Amino acid sequence: MIDARVNEDRLWHSHMVMAKIGATPGGGVGRLALTDLDRDARDLFVGWCQEAGCRVRVDRIGNVFARRAGTDESAAPVMTGSHLDTQPLGGRFDGIFGVLAGLEVVRALNDAGIATRRPLDVVVWTDEEGARFRSGVMGSGVFRGLGTLEDALAMTDEAGCSVGDELARIGYAGPEPVGGFPIHAYFEAHIEQGPVLESEGIVIGVVEGAQGSRRFRVTVEGEEGHAGTLPMTLRRDALLGAARMIDAINKVAFRHQPHPVITAGAIHVRPNSPNTVPGQAVFTIDSRHPDAAVLAAIDEEMRAACAAIAEAGGLPLRIEQTSDNQPVAFDPRCIDSVRNAATALGLSHRDIYSGAGHDACNLSHVAPTGMIFVPCEKGISHNEKENAKPEDLAAGAAVLMQVLAEWAAS
Ligand code: HGY
Ligand code: MN
Ligand code: MN
């Protein structure tokens, strides 16, 4: 064990200062990727890291790397991090804890005057949530070679703003190539975003892996018409069709045991007027399951269900898959490191599987990867009420410090 101590108050205070950027009336945070608010959060993080003696570099997809030098600068770095972008009505800890826990490790090692052989990188990955640009885990995805940099830079939001233009506008279109360098190990600390740890009174989740997820954009074409004069029998109502499809995919989820989680989270209607029969509806599907084969089978069932409704209603249908994240199993050596660190620190812990996706899922394709979970209140996340305890965040950061130090010495 290294003789350094995490500062609980400093870690909590950093969260509260960061939470002011994009604070929402309901006590949460709304900080969409590559907005001015995301820029302000990145700038705050970069300033803190520079104060802590880190050298900061930015790659071409906007990933930010704050490096604490090691005694052997030629050695492949040990890496930690997460994301600072949030859901539109998100919380103060999802992603942010992983970034600030990494910074706290740097600060605590500095306080203790401890040098590591390997450099330590604390990373902010671009657009993990995919709430604005619809893919999700974008920065870490390009970093590991999932999709091309050009395609990611060309992605646009609903207003037609591209990732490339927004990166340039906020000053985070970095010069560094994306990925392509060796990483000795990657560890990410994150709130569980589920109820298990809190309900069992356990502080540390030793994360074994994460379920797979696929996202789709479904476009249903109908025909605009007058709400007062177009007879019900002559309508091609795109929103009604979409509603029936959403109900059908929800039923697909319950047909599979243990059923997956399928969500239609966003919808847009054209022209979106109370007295015009909708001519077009576009909605998203987020489908997840721990088993890749079941995920694929669910995909087929959903497509068939939507096609049957489209056929019956005379509603031309287009289903585009916008992401495909396979289930991942983290490296057993990293899982053991997390479990051993929790044990050495005398912290209650249990193995756990992640229902949420994380940047660590991408990093697991290019480095030995592990994750550390801490409880969040009632398991609530992607919600302004998301909350965590200072002592749990500190415990997670302490485990993170031990595993990073272990791997930085190996
Ligand atoms: O959606 C997810 O799983 C992550 O919280 N972005
Ligand atoms: Mn997250
Ligand atoms: Mn999230």
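Calculation criteria
- Residues numbered from 1 in each chain as written.
- Chains lettered and ligands numbered in written order.
- Predicted model: local features only at pLDDT ≥ 70, side-chain atom pairs only at ≥ 80, totals over all residues.
- Heavy atoms only, no water.
- Donors = N, O, S within 2.8 Å, 3.2 Å for Na, K, Ca; no water.
- Helix = DSSP H or I, 4+ residues; strand = E, 2+ residues; numbered from the N terminus.
- Buried < 20%, exposed > 50% of the residue type's maximum accessible area, 1.4 Å probe, protein only.
- Axes fitted to C-alpha atoms, helices over the stretch in contact; angles between N-to-C directions.
- Parallel < 35°, antiparallel > 145°, perpendicular 65-115°, else oblique.
- Left-handed = near helix turned anticlockwise from the far one by under 90°.
- Contact = heavy atoms within 4.5 Å.
- Nonpolar A, V, L, I, M, F, W, Y, C, P; charged D, E, K, R; others polar.
- 1 Å grid on protein atoms, 1.4 Å probe; cavity = no way out; pocket = protein on both sides within 12 Å on 5 of 7 lines; lining within 4 Å.
- Points joined across faces, edges and corners; volume = space filled by probe spheres on them.
- Phe/Tyr/Trp six-rings, centres within 6.5 Å; stacked < 30°, edge-to-face > 60°.
- Lys NZ or Arg CZ within 6 Å of the ring centre and 35° of its normal.
- Near = heavy atom within 4 Å.
- Polar contact = N/O pair within 3.5 Å; in protein donor to acceptor, adjacent residues only side chain to side chain.
- Areas by Shrake-Rupley, 256 points an atom, 1.4 Å probe, with all protein chains shown as cover.
- pLDDT = per-residue confidence, 0-100.
- Disulfide = S-S within 2.5 Å.

A.B. asks: Explain the coordination of the manganese ion (ligand 2) to me, using residue names and the numbers behind them.
C.D. replies: Coordination of the manganese ion (ligand 2) by the protein comes from His83 (NE2), Asp94 (OD) and His190 (NE2), over a distance range of 2.1 to 2.3 Å. In primary sequence terms, the donor set of the manganese ion (ligand 2) follows H-x10-D-x95-H. Separating the manganese ion (ligand 2) from the manganese ion (ligand 3) is a distance of 3.5 Å, and Asp94 supplies a donor atom to each of them. Here His190 lies in strand E5 (residues 185–191) and Asp94 lies in the loop between strand E3 (78–82) and helix H3 (96–112), a separation of 96 residues in the sequence. Residue class for Asp94 comes out buried when judged on its relative accessible area of 5%.

A.B. asks: Give me the lowdown on the packing of helix H8 (residues 238–255) against helix H9 (residues 292–313), citing residues and values where you can.
C.D. replies: Between H8 and H9, the shortest axis-to-axis distance is 9 Å and the interhelical angle comes to 150°. By the angle class used here, H8 and H9 are roughly antiparallel. Once H8 is placed against H9, the crossing between them reads as right-handed. Taking contact as the criterion, the partners of Gly241, Arg244, Met245, Ala248, Ile249, Val252 and Arg255 in H8 are, on H9, Ile298, Glu301, Met302, Ala305, Cys306, Ile309 and Ala310. The residue inventory of the contact of H8 with H9, partitioned by class, reads 10 nonpolar, one polar and three charged.

A.B. asks: Break down the layout of surface pockets for me, with residues and values.
C.D. replies: The rolling of a water-molecule-sized probe over the atoms marks out the regions of remaining empty space. Of the volumes computed, that of the second largest pocket is approximately 250 Å³. Lining the second largest pocket we find Met1, Ile2, Ala4, Arg5, Val6, Leu345, Leu347, Ala394, Ala395, Ala398, Met401 and Gln402. Classifying every residue of the lining of the second largest pocket gives 10 nonpolar, one polar and one charged.

A.B. asks: Mind laying out the packing of aromatic side chains, listing which residues take part and the relevant values?
C.D. replies: How two aromatic rings sit relative to each other is given by the distance of their centres and the angle of their planes. Summed over the entire model, instances satisfying the criterion amount to eight aromatic pairs. Taken together, a centroid distance of 6.0 Å and an interplanar angle of 75° make the contact between Phe65 and Phe181 edge-to-face. With Phe65 in strand E2 (residues 64–68) and Phe181 in the loop between helix H6 (163–170) and E5, this pair connects stretches of sequence that are 116 residues apart. A cation over an aromatic ring shows up here: Arg57 above the ring of Phe181, its NZ or CZ 5.6 Å from the ring centre. Lying across the ring of Trp48, Arg107 places its NZ or CZ 5.3 Å from the centre.

A.B. asks: Give a description of the site of ligand 1 that names residues and reports values.
C.D. replies: Residues in contact with ligand 1, as listed here, are Glu128, Glu129, Gln193, Arg288, Ala356, Gly357 and His382. A distance of 3.0 Å is found between a nitrogen atom of ligand 1 and a side-chain nitrogen or oxygen belonging to Glu128. Within the contact set of ligand 1, an oxygen atom lies 2.6 Å away from a side-chain nitrogen or oxygen of Arg288. Protein chains shield 92% of the accessible area of ligand 1, which is 210 Å² for the free molecule. When grouped by side-chain class, the residues that make up the shell around ligand 1 number one nonpolar, three polar and three charged.

A.B. asks: An account of the confidence of the model for the protein chain is requested, with residue identities and associated values reported.
C.D. replies: Mean pLDDT over the protein chain works out to 97, with 100% of the residues at or above the 70 mark. Of all helices and strands in the protein chain, the one with the weakest mean pLDDT is strand E13 (residues 317–325) (95), whereas strand E4 (residues 120–124) scores best (99).

A.B. asks: I'd love a proper account of the coordination of the manganese ion (ligand 3), names of residues and values included.
C.D. replies: In this structure, Asp94 (OD), Glu129 (OE), Glu129 (OE) and His382 (NE2) serve as the protein donors to the manganese ion (ligand 3), at separations of 2.2 to 2.6 Å. Counting gaps between the donor residues of the manganese ion (ligand 3) yields the pattern D-x34-E-x252-H.

A.B. asks: Can you tell me about the state of the cysteines, naming the residues and giving the values?
C.D. replies: Per the stated rule, a full pass over the model turns up zero disulfides. For Cys49, which is in no disulfide, the shortest distance to another cysteine sulfur is to Cys54 and amounts to 5.0 Å. Judged by relative accessible area, which is 1%, Cys49 ranks as buried. Using a relative accessible area of 8% as the deciding quantity, one classes Cys54 as buried.

A.B. asks: Please set out empty space enclosed by the protein residue by residue, giving values where relevant.
C.D. replies: Evaluation of the coordinates by the stated rule reveals one cavity of 30 Å³ or more. Each pocket or cavity is described by its volume, and for the largest cavity that value is around 40 Å³. In terms of lining, the largest cavity is formed by Phe216, Ile285, Asp299, Met302, Arg303, Cys306 and Ile319. Ranked by residue count, the leading element in the lining of the largest cavity is H9, at four residues. Looking at the lining of the largest cavity residue by residue, the classes come out as five nonpolar, no polar and two charged.

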